[in-house]
Amino acid sequence: MRRIAAPPRIGWRQKVEEAGLLWHSAGGGAYWNEAAFYELTAREVDELEGATNELHRLALAAVQHVVDNRLYGRLAIPPLAVPLIEDSWEHGAPSLYGRFDFSYDGVGPPKLLEYNADTPTALLEAAVVQWQWLCDCHPEDDQFNSLHERLIAAWQSFRPLLAPGPIHFCSLDDAEDSMTLAYVQDTASQAGYETFGLAVGDIGWSRTRRVFVGLAGEPLRTVFKLYPWEWMVRERFAEHLGPLAGPMRWIEPAWKMVLSNKGILPLLWQLNPDHPNLLPAFFDSPRGLTDWVSKPLLSREGANVEMSVAGRHFATGGAYGSEGRIFQGAAPPPVLDGRYPVLGSWIVGEEAGGLGIRESAEPITTNHSQFVPHLFR
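Criteria and cut-off values
- Residues numbered from 1 in each chain as written.
- Predicted model: local features only at pLDDT ≥ 70, side-chain atom pairs only at ≥ 80, totals over all residues.
- Heavy atoms only, no water.
- Pairing = 2+ DSSP bridges.
- Helix = DSSP H or I, 4+ residues; strand = E, 2+ residues; numbered from the N terminus.
- Axes fitted to C-alpha atoms, helices over the stretch in contact; angles between N-to-C directions.
- Salt bridge = Lys/Arg side-chain N within 4 Å of Asp/Glu carboxyl O.
- Buried < 20%, exposed > 50% of the residue type's maximum accessible area, 1.4 Å probe, protein only.
- Contact = heavy atoms within 4.5 Å.
- Polar contact = N/O pair within 3.5 Å; in protein donor to acceptor, adjacent residues only side chain to side chain.

> Tell me about the sheet that holds strand β20 (residues 370-372), residues and numbers included.
Read across the open sheet, the five strands follow the order β6-β5-β18-β19-β20; overall the sheet is antiparallel. Of all the strands in the sheet, the pair left with one neighbour each is β6 (111-116) and β20. Across this sheet, the average inter-strand angle for adjacent strands is 35°, counted without regard to direction. Judged from the three bridges that link them, strand β19 (residues 351-360) and β20 form a sheet pairing that is antiparallel. In the sheet register, Glu359 faces β20, and the bridge partner there is Gln370.

> So what about the pattern of salt bridges? Which residues, and what values?
Under the defined criterion, the tally for this structure stands at 18 salt bridges. Here Asp284 and Arg74 are joined by a salt bridge, their closest N and O atoms 3.3 Å apart. One end of the pair, Asp284, is in the loop between β13 (281-283) and β14 (292-296); the other, Arg74, is in the loop between α2 (42-69) and α3 (82-90), with 210 residues separating them in the sequence. A relative accessible area of 36% places Arg74 in the partly exposed class. When salt bridges with common partners are traced through the structure, they connect Arg2, Glu39, Asp141 and Arg377 into a single cluster.

> Which residues make up the environment of Asn33, and what values do they have?
Here Asn33 lies in the loop between β3 (29-30) and β4 (36-40). Sequence spacing of Asn33 and Trp89 is 56 residues, and the spatial spacing of their C-alpha atoms is 39 Å. Here Asn33 is in contact with Arg3, Glu359, Gln370, Phe371, Val372 and Pro373, once residues within four sequence places are set aside. Polar contacts involving the side chain of Asn33 include one to the main-chain amide nitrogen of Ala35, which spans 3.0 Å.

> Provide a residue-level description of the pairing of strand β15 (residues 306-309), including the pertinent values.
When β14 meets β15, the two strands line up antiparallel, connected through three bridges. By the bridge assignment for β15, Ser294 is matched with Glu306. In the sheet, β15 pairs with strand β16 (residues 312-315) via four bridges, with the strands oriented antiparallel. What sits directly across from Val309, in β16, is Arg312.

What follows is the structure, given as structure tokens:
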């Protein structure tokens, strides 16, 4: 794997905006960075694909382990959420996607840093924007990227599992979330569904009909929400999220609360010790690890992460951590041209579907990290 400097396309801002990426700059700098790209080999892509599929299998087995042994308290999951998790798991509520974040140098096996299982972003960038960059700049090469086609196929496969009628798509009024939501909604439209968008705050509850409703009072039967489950179950309407809501589907389903929790990392290690794609991970203490990373169970976008490596200490701020923390063996990303790349490998439905790379000047990836396109030869 190599990082190669390259001239950005003339008019790149307009090009990425036309592809839907309006949030291409942040904090006075570029979020989308095509002044470089990552070159992988076909062998490296195969290794990432295999690791993604393997970890997806292990993750599903870990959910079953949590359900069987009722380990919800260990994950700081509130009692109100337990019936939602178990009902959605037992009834096979479908999952659209997730993103495994790897540290990988092309030499050793990919090492799982975390699993963004409930509300992963950077999807449009990975599925569409970097593909258009490849077509413009390196049409003779290939890319680990069948995300768009797989998303449409996954929606089509869900049809027997969803209630008849439209799918509603909701998120907060946030530029990045809104962009991701619009793209996912478009893939569902291309799969043949009638779709509508609405804000999370526009969802209401009808006491008389005992259903969630939209602005016009229409019942909501299938809702794709780019809004974390750990927030949903603490909202005022949380008591209505259960069976009283009728034959309703949330995508992602409630069982993803188990996998979006950093506590899944020590559980995966307990169930699969010394697995080549996992790092040692423990609840509450580093258990003798010399180099370690400490993460809150529910942190997002790199908030409140601490890292101790070779006597150096790194930390990010934020409002998380009171729910508990886990400790994980440190596997800092390789340093290429002074940047630390983290490889986000996507699972769509049941199979690996593509890769997005974000890089930082520090070894902890945050919401200010840049997206850089890739190819393989």
